[in-house]
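# Structural characterization, general
Listed below are the residues making up each chain.
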Amino acid sequence: MEYFATSISAGCLIVFAVLLFIVLRGRRALLPALQNGGTSRRGDLPAVSVFIPVSSASPQVEEALRTILHQDYPRYEIIFITERNDGPDAAEIQKLLKEQRSGKVSCRHVVSGPAVTCSQKNHNLLAGVAAASPASAIFAFCDSTHPARPDWLRHLVAGLSKTDSCVATGYHLARPGDRRLATIGRSLTILMMHFAQTIPFVTQPWGGNMAIGRKLFYELDVPEIWSTSVVDDVTLAARLQKSGRAVRFVPEAFLATPLADETYERWISWLSRQFLYIKYIFPLGWIGTGVVLLVSLLCLAGAWIVIASAAAGGLPVKFAVVPMLFLLIIGVPFLLMRPFVSAKTVWPVWLVICLITFGVVVWSHFRTLFIGKISWAGRSYRVAVGGKVRGITLED
C-alpha cells in the first residue's frame with residue numbers, strides 16, 4: 001500500500017505541474033491577443049484567397065460571414081462553397097453577394113456537388129481551391145460560424161512570414177450564450193484545446209482557421225490527400241509531420257464562436273469525433289491521449305483512496321500529505337481559466353463544471369474504442385487507418 005501511495009503522490013505532482021504549465025502558457029499567449037491584438041504585418045501583402053465552406057443558414061452564420069467581408073486586408077477574395085445551389089445556405093450567400101457587388105472584396109459562390117470519395121467539407125474545399133484566382137499567393141481557410149476581428153486575416157498571413165513555418169494557424173474561443181452546464185463545459189473544452197495549441201510540439205493546423213502558401217499547398221499534394229480523406233486539418237498535419245514542416249500558432253488570429261443551447265449529446269458527439277480523427281490518422285497520439293487521461297483519472301481517484309486509508313489507520317499520515325495537497329490545489333489552474341469562459345460563474349459551481357468536463361472528456365475518448373465510423377453533418381464515413389474514406393452513408 002505504501003508503494004501505491006508513493007506512486008499516486010508522484011502522479012499527482014506530475015499531473016498538477018503539466019496542467020499548470022499548459023494553462024499558464026496559454027494565458028500568456030492569449031491575454032495580449034485579447035487585450036490589444038498585437039502588431040500585424042504591414043507593407044506589401046500577398047494576395048489571398050479565403051475559402052469558406054457553408055452548410056447552414058442562420059443569423060450566426062450571416063454575422064460570421066459579414067466579418068470576413070470586412071477585413072482590413074488590402075488584397076483578398078472570398079470563395080463561398082456549398083454542396084447545392086438551392087438550399088438556405090446558398091440563398092444566404094446569394095444575398096451577401098448582391099450586397100457586396102459594389103464592395104472592395106471580390107466574392108464568388110462555388111457549388112461543389114455531393115462528395116463521393118472524401119468528406120463533404122474536403123470536397124467543398126477542393127472545389128473552391130480549383131476556382132481560386134491565379135493571382136493569389138496564399139490560401140486561407142475558415143469555417144462559416146466564427147466571427148472574426150477586422151485584423152484576423154492580416155495576423156494569420158503574418159504568421160507565414162516566419163522562415164521556420166509553412167502553415168499558420170489560429171484557433172477559436174467559445175462565447176457562452178447561456179449558463180447551461182453543457183454550454184460552459186464545451187466552451188471550457190475548446191479553451192483547453194486552444195491552450196494546448198500554444199505548445200510547439202502539440203500545435204496542429206485547425207481547418208477552421210489556417211493559411212498556407214499556394215506553392216506549398218501543391219508541393220505537399222494536399223489536393224490528392226484531401227480527395228480521399230475524411231478530414232482536412234488532421235490529414236494536413238500528418239503530411240506536414242511526414243515532410244518535416246512546421247506549423248506556427250498565431251494567438252492574435254483567433255475567432256469567436258457564439259455557443260448556446262448546447263446539449264451533452266452534441267458535446268460528446270463533437271468531442272468523440274475529434275478523438276476519432278486522431279485514432280485513425282495519429283493512432284499513437286490517440287493511445288497517448290488515452291494514457292494521459294487514464295493516469296489523470298487514477299491520480300484523482302487514488303488521492304481519495306490514500307487519504308481514506310490514512311484516515312482509517314492503514315497508512316502513516318505522511319503518505320496522505322501530497323494527495324491532500326493535490327486535491328486542495330488542483331482547482332487553481334481551472335480557476336485561472338474561468339475569466340476566458342464564464343467569469344460570472346461562482347467558483348464552487350465552476351469547479352464542479354470542470355470536474356464534469358473532465359468526466360465528459362474521459363468518456364468521449366473511451367467510447368471511441370468501440371466506434372468504427374465517423375458521423376459528421378448528416379453523413380457516416382467508414383474510414384481506414386490514415387483517414388482514407390472507404391464508404392459514405394447518408395444518415396436520416
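These remarks concern the structure in this document. The shown structure was predicted, so the numbers you read here are calculated from the model rather than taken from an experiment.

### Quick word on the overall build of the protein chain
Helix and strand content of the protein chain: 14 helices and twelve strands. A compact globule built from 396 residues should have a C-alpha radius of gyration of about 21 Å, and the protein chain, at 22 Å, falls within 12% of that. Every one of the 396 residues in the protein chain was classed for burial, and the buried ones make up 53%. Put simply, the protein chain shows about 18,200 Å² of open surface, and 62% of that area lies on carbon and sulfur atoms. Distance between charge centres in the protein chain, computed from 39 positive and 26 negative side chains, equals 4 Å.

### Digging into the packing of helix H6 (residues 181-197) against helix H13 (residues 331-341)
At a minimum axis distance of 10 Å, the contact between H6 and H13 shows a crossing angle of 110 degrees. When the axis of H6 is compared with that of H13, the two are roughly perpendicular. Across the interface between the two elements, Ile-184, Ser-187, Leu-188, Leu-191, Met-192 and Phe-195 of H6 pack against Met-337, Phe-340 and Val-341 of H13. Broken down by class, the residue content of the contact of H6 with H13 amounts to eight nonpolar, one polar and no charged.

### Some details on the nonpolar core
By size, the foremost hydrophobic cluster in this structure holds 48 residues, and its most contacted members are Val-48, Val-50, Ile-52, Ile-78, Phe-80, Trp-152 and Leu-153. Among the elements that make up this core, the one with the highest residue count is helix H10 (residues 264-281) (five residues). Filtering out sequence-adjacent residues up to four positions away, Leu-153 remains in contact with Val-48, Val-50, Gln-71, Tyr-73, Tyr-76 and Ala-140. Counting residues in hydrophobic clusters, the runner-up holds 35 residues, among them Leu-19, Ile-307, Ala-310 and Phe-326.

Rules of the game
Residues numbered from 1 in each chain as written. Predicted model: local features only at pLDDT ≥ 70, side-chain atom pairs only at ≥ 80, totals over all residues. Heavy atoms only, no water. Helix = DSSP H or I, 4+ residues; strand = E, 2+ residues; numbered from the N terminus. Rg over C-alpha atoms; globule rule 2.2 N^0.38 Å. Buried < 20%, exposed > 50% of the residue type's maximum accessible area, 1.4 Å probe, protein only. Areas by Shrake-Rupley, 256 points an atom, 1.4 Å probe, with all protein chains shown as cover. Lys, Arg positive; Asp, Glu negative; His and termini not counted. Charge placed at Lys NZ, Arg CZ, Asp CG, Glu CD. Axes fitted to C-alpha atoms, helices over the stretch in contact; angles between N-to-C directions. Parallel < 35°, antiparallel > 145°, perpendicular 65-115°, else oblique. Contact = heavy atoms within 4.5 Å. Nonpolar A, V, L, I, M, F, W, Y, C, P; charged D, E, K, R; others polar. Core = buried A, V, L, I, M, F, W, Y, C linked by side-chain atoms within 4.5 Å.

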